[in-house]
Every structure is written in C-alpha cells, then in structure tokens.
Amino acid sequence: MHVVRIAPPRGWFELRLRELWEYRELLYFFVWRDVKVRYKQTVIGVAWVILQPLMTMGVFTIFFGRLAKLPSSGLPYPVFYFAALVPWAYFAQALSSCTNIVVANQHVITKVYFPRLILPLAAVCSGVVDLAIGFIVMIILTLSFGIHPPVTVVLLPVFMILAVLTALGVGLWTSALNALYRDVASIIPFVVQFWMLASPVAYPSSLVPARWRWLYGLNPMAGVIDGFRWALIGRGSAPGPMLLVSAGVVLAVLVGGLLFFQRVEGTVADRV
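By convention here, each chain's residues receive numbers from 1 onward along its written sequence. Note on the predicted model: pLDDT of at least 70 is required for a residue's local features to be given, and 80 or more for side-chain atom pairs to be given and counted; whole-chain, interface and lining totals, by contrast, use all residues. No hydrogens and no water enter the side-chain calculation; it runs on all heavy atoms of the structure.

Caption draft 1: Highlighting the side chain of Thr61. Starting at the N terminus, helices and strands are each numbered in turn, a helix being any DSSP run of H or I of at least four residues and a strand any DSSP run of E of at least two. Take Thr61: it is sitting in helix α3 (residues 47-67). Exposed residues in this analysis have more than 50% of their type's maximum accessible area, buried residues have under 20%, and partly exposed residues fall in between, with area computed by a 1.4 Å probe over protein chains only. Residue Thr61 is classed as buried on the basis of its relative accessible area, which comes to 10%. In this structure the side chain of Thr61 is engaged in a polar contact, spanning 2.7 Å, whose partner is the backbone oxygen of Met57. Setting aside anything within four residues of it in sequence, one finds Thr61 in contact with Arg66, Tyr77, Pro78 and Tyr81. A 3.5 Å cut-off defines polar contacts: any pair of N or O atoms within that distance qualifies, except that in protein one atom must be a possible hydrogen donor and the other a possible acceptor, and neighbouring residues in sequence count only when both atoms are side-chain atoms. Here a residue-residue contact requires only that any non-hydrogen atoms of the pair lie within 4.5 Å.

Caption draft 2: Here's a closer look at helix α2 (residues 24-39). Multiply 1.5 Å by the residue count of a helix minus one, and that product is the helix's expected span. Taking 1.5 Å per residue as the helical rise, α2 with its 16 residues ought to reach 22 Å, and the 23 Å between its terminal C-alpha atoms agrees with that figure. If you check which residues of α2 are buried, you get Leu27, Phe30, Val31, Asp34, Val35 and Tyr39. Buried positions in α2, seen along its axis, are confined to an arc of 150 degrees and lie on one side of it. Opposite the packed face of α2, turned more than 90 degrees from it, sit the exposed residues Glu25 and Val37. Structurally, α2 contributes buried residues whose contacts are with α3, α4 (77-104), α6 (118-126) and α7 (128-144). Picture the helix axis, draw a direction to every C-beta atom, and the arc is the one those directions span.

Caption draft 3: The arrangement of unusual backbone geometry in detail. A positive phi angle is found at Lys69, which is not glycine, with a value near 60 degrees. Relative to the helices and strands, Lys69 is located in the loop between α3 and α4. For Lys69, a relative accessible area of 61% gives the class exposed. Backbone geometry places Ser73, a non-glycine residue, at a positive phi of 60 degrees. Position of Ser73 relative to the elements: it lies in the loop between α3 and α4.

Here you go:
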C-alpha cells in the first residue's frame, strides 16, 4: 500500500518545487478555468484585451501628449503609450488576480491538499494569454505608423518574462498577506495606481535626472517598460544599468516571496 505523508515545511528553505511538476495538470486546469471565467458571458469577449489598452492609449495621447506636450522619445504618441500599456496592463491585472486567488479558492484549500503555490502561479500564467494578444496588437500598431521593428524585437520575450516574474514575485507577497489580513485586497487598487504613476507609462524615464536613475530602477516595471520600448523601436541606448537594477530587485522579491508564501502555506487553510 502506497502511503503519502503530508507535513508542513520544516524550515524557511524547504520550497518543495518538485511538487509543482507532479501537480502540473492541476496548474493547467486552474489556468484554463481562469481564462474561461474571465470571458464567459461577456458581449465582446477577448476583444476587451484589445479595447482596454487602446482606450487608455487614446486618453493618454490626448491629455499627456497633445495637451501636456510630454516628450515621447521621438515616437508617435500612440506607439509610445501602447508599448508601455501592454506590459503594464498585464502586470496590474495579474497582481490583482494573484492577490485574491488564495481567498477566492478557500473552499478548495480547506478540503484537499495540493501545493498552494499553484494558485498564484495560475493567476499569473492565465494573464499571459492577454499579454500575448496585446503584443500582437502592439506589433500591428507599430507597423501601421510606418515603424519597422529592428532586430532588437527578438528580445521582447525577455522583457515579457521579466514582467511575469515581477507579477509573480509581488503577487506571492500580496496573496499570502491577503490570506492573513483581508484589507490587503482593498489597498492593492491604490498601490497599482500609485505604481503606474511611478513607472514610465505616461512619460519617458529620460525625464528622471541621471543621478537618480539607479534609484528609479528599483521599480522593476521601469526596466520592463523601457525595455519594451527599446526592443520594439530600437532607438536610443539600451536600458542597461537600470534594467540590471530592476532584474536584481525582481530576483530578490521573487525569492523572498517564495520563502514567505511557503512559510504561510502551512497555516493558510486555518486562516482563510
């Protein structure tokens, strides 16, 4: 008789990542479920993925571009803003879903065992579909303005992965904290709004004084957004130093999030 013994982690560094592979079919089910639920019984379905950033792009173009006359690094305003809104829209949606995912699945957590890490992973992975659709629209929009993406466009998947890791790293912290303190979910919308203003979505990072660029790079989405624009257009210098700082912050947040999440995992069923 095969006996499976389930016990909580015995230390901070016992992550049990091998279990994720053993439960990969469950991860696929959660991702597919989230995608279906998001667009079920909607009038225009997946078109929301395109309309939301396009409408935001229109608002930014009128107010920040035409009226405020903010610089756009020599790019047409629609291209400048849409190239930032694609990764930002994914990050904001993934972070919101990741924050609520543990509490939303409390009826499952309290009944059966599975690696709880699958839940935030599913929340982050389900948004990749939207990110891929936005990426295709971004390429079409760029071509429509007569801009032909250079060879640097092959690096876009690198920045997409960095955006996914950023959402996962922060989401691990917020999902665990939300299971402990429910008011975290109420704070996240404000955090997302503030974070967008602190990221080069509506303005170029060149407006930040050079001596403060390293500090600005502590915002991981700054490196992601600048990287998206540079890889898509190929103009200007690569976001090297700031990107390295952003990547280091993402790694620290991700590792810390994994350790904190697995620490809370053992008691999450009793808290939700």
